[in-house]
Amino acid sequence: MKSISQKEQPLIGTFKSIRVKIFPGLLSVLLLSLVWSCEEKTKTTEFTFPMAVGNIWEYRQEISLFTYTDTSGSRQNLDTLVITNPVTATVAGIHIFGDTLSTYEFLVRYFSNGIEFISTTFYQFTPNELNIIAYRSTGGGLVYPKQPAGKQILFKGRYYRSREELSEILQRGAVFAKSSSDSIYMEHPPVKSLEFPFTIGSRWIYQDTSSAFFIEREVKDQITLNLDSTSFRCYQIRTFYDIDSDGVWDEDVGITDYFAREGLVRRDIWALGNIEVNAEGIPDGFKFDWHEKYTLTGWALND
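What you are looking at is a predicted structure, and each value in this text was computed from that prediction instead of being measured.

Trainee: Can you help me understand the overall build of the chain in this one?
Mentor: Looking only at helices and strands, one finds 2 helices and 16 strands in the chain. Put simply, the chain has 303 residues, and 48% of those count as buried. For the chain, the accessible area works out to roughly 14800 Å², and carbon and sulfur atoms hold 53% of it.

Structure representation (structure tokens):
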């Protein structure tokens, strides 16, 4: 753990960095790219989310794709691909909607092959809630292995242009029409992203079916998450989905977040059983599972 001087890192506060141990092998990169452990719950001082202008977090994004065929119930694994990218999140400033609604402008920057993508979320912070008021996307686009021409993704009865689109919808909980990069999408009513104080067992509706599909969030546990030599006392928050609208929570898709006093420490996303289809919606015989993980590698917070 080292602190970067004000000259090296022109931010208010101290920037902290974590070395993440990397192990050989594709599966081990997915499963063992950080050392973490869960310990018995102990009483800690309560905290919310460190939402202050100038705060910055750095993450390592890791996407793992597992391609296979599945005929007559017999799975044959074909390929495994792991992609990593740096991600930076910043509380960039204050944005006022309608002259009265004050929000924090939260920017997330993705870098891939030299191309930058910026996603902006406008949050309203209160002592009891962190609410999403609006979204905006600008900049280029993430460079991932693209779907071949005419290919789509079929997941739980819905079609998506790419895995990246599905991931964005799962994280935002909404489907947006394609438009210019500076468009702002308002949430009516605001979306409750987090509920304070963090209380194990508390549960709330994140999105209803008027947006994309029914989503709830729940504080599942309080654990100690160890990243290299740094320990974080985290609340574990699980996001549940009912994508096929059958009234049953889907087990093959979900998000688990780990929030500590320092902010979001880790996010795990998974979607299993994706089907590749052609432009006519006909399966081409290939399926894939994917896992997406964000791990905190550094942060600087204003006191």
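Trainee: How should I be thinking about the pairing of strand β3 (residues 56–71) in this particular structure?
Mentor: Side chains on a regular strand alternate between the two faces of the sheet. Inspection of the sheet shows β3 paired to strand β4 (residues 74–97) by 16 bridges, in the antiparallel sense. Its bridge partner being in β4, Tyr 68 is matched across the sheet by Asn 77.

Trainee: I tried to follow a nonpolar patch on the surface on my own but got confused; where do I start?
Mentor: Side chains of Val 53, Ile 94 and Ile 96 sit close together on the surface and give an oily, nonpolar patch of about 240 Å² of accessible area. Checked against the element boundaries, Ile 94 lands in strand β4. Relative accessible area serves as the criterion here: at 45%, Ile 94 is assigned to the partly exposed category.

Trainee: Help me understand the pattern of salt bridges, please; the structure alone is not making it clear to me.
Mentor: In a structure, side chains of opposite charge can pair up when their charged atoms sit close to one another. Scanning the model with the defined rule gives 20 salt bridges in all. For Asp 252, the salt bridge identified is with Lys 156, shortest N-O distance 3.3 Å. Of this pair, Asp 252 sits in the loop between β13 (230–242) and β14 (253–260) while Lys 156 is found in the loop between β8 (152–155) and β9 (158–160), placing the two residues 96 residues apart along the sequence. On the basis of relative accessibility, which here comes to 24%, the residue Asp 252 falls in the partly exposed class. A salt bridge links Asp 268 to Arg 266; the shortest N-O distance between them is 2.9 Å. For Asp 268, a relative accessible area of 13% gives the class buried.

Trainee: I tried to follow unusual backbone geometry on my own but got confused; where do I start?
Mentor: Excluding glycine, most residues fall at negative phi; most peptide bonds, likewise, are trans. The step from His 188 to Pro 189 runs through a cis peptide bond, and the omega angle for that step is -5°. Along the chain, the position of Pro 189 falls in strand β10 (residues 184–195). Each neighbour pair has its own omega, and for Phe 196 with Pro 197 the value is -5°, a cis peptide bond. Within the element layout of this structure, Pro 197 appears in the loop between β10 and β11 (203–207).

The rules behind these values
- Residues numbered from 1 in each chain as written.
- Predicted model: local features only at pLDDT ≥ 70, side-chain atom pairs only at ≥ 80, totals over all residues.
- Heavy atoms only, no water.
- Helix = DSSP H or I, 4+ residues; strand = E, 2+ residues; numbered from the N terminus.
- Buried < 20%, exposed > 50% of the residue type's maximum accessible area, 1.4 Å probe, protein only.
- Areas by Shrake-Rupley, 256 points an atom, 1.4 Å probe, with all protein chains shown as cover.
- Pairing = 2+ DSSP bridges.
- Patch = residues over 30% accessible without salt bridge, like charges linked within 9 Å, V, L, I, M, F, W, Y side chains within 5 Å.
- Salt bridge = Lys/Arg side-chain N within 4 Å of Asp/Glu carboxyl O.

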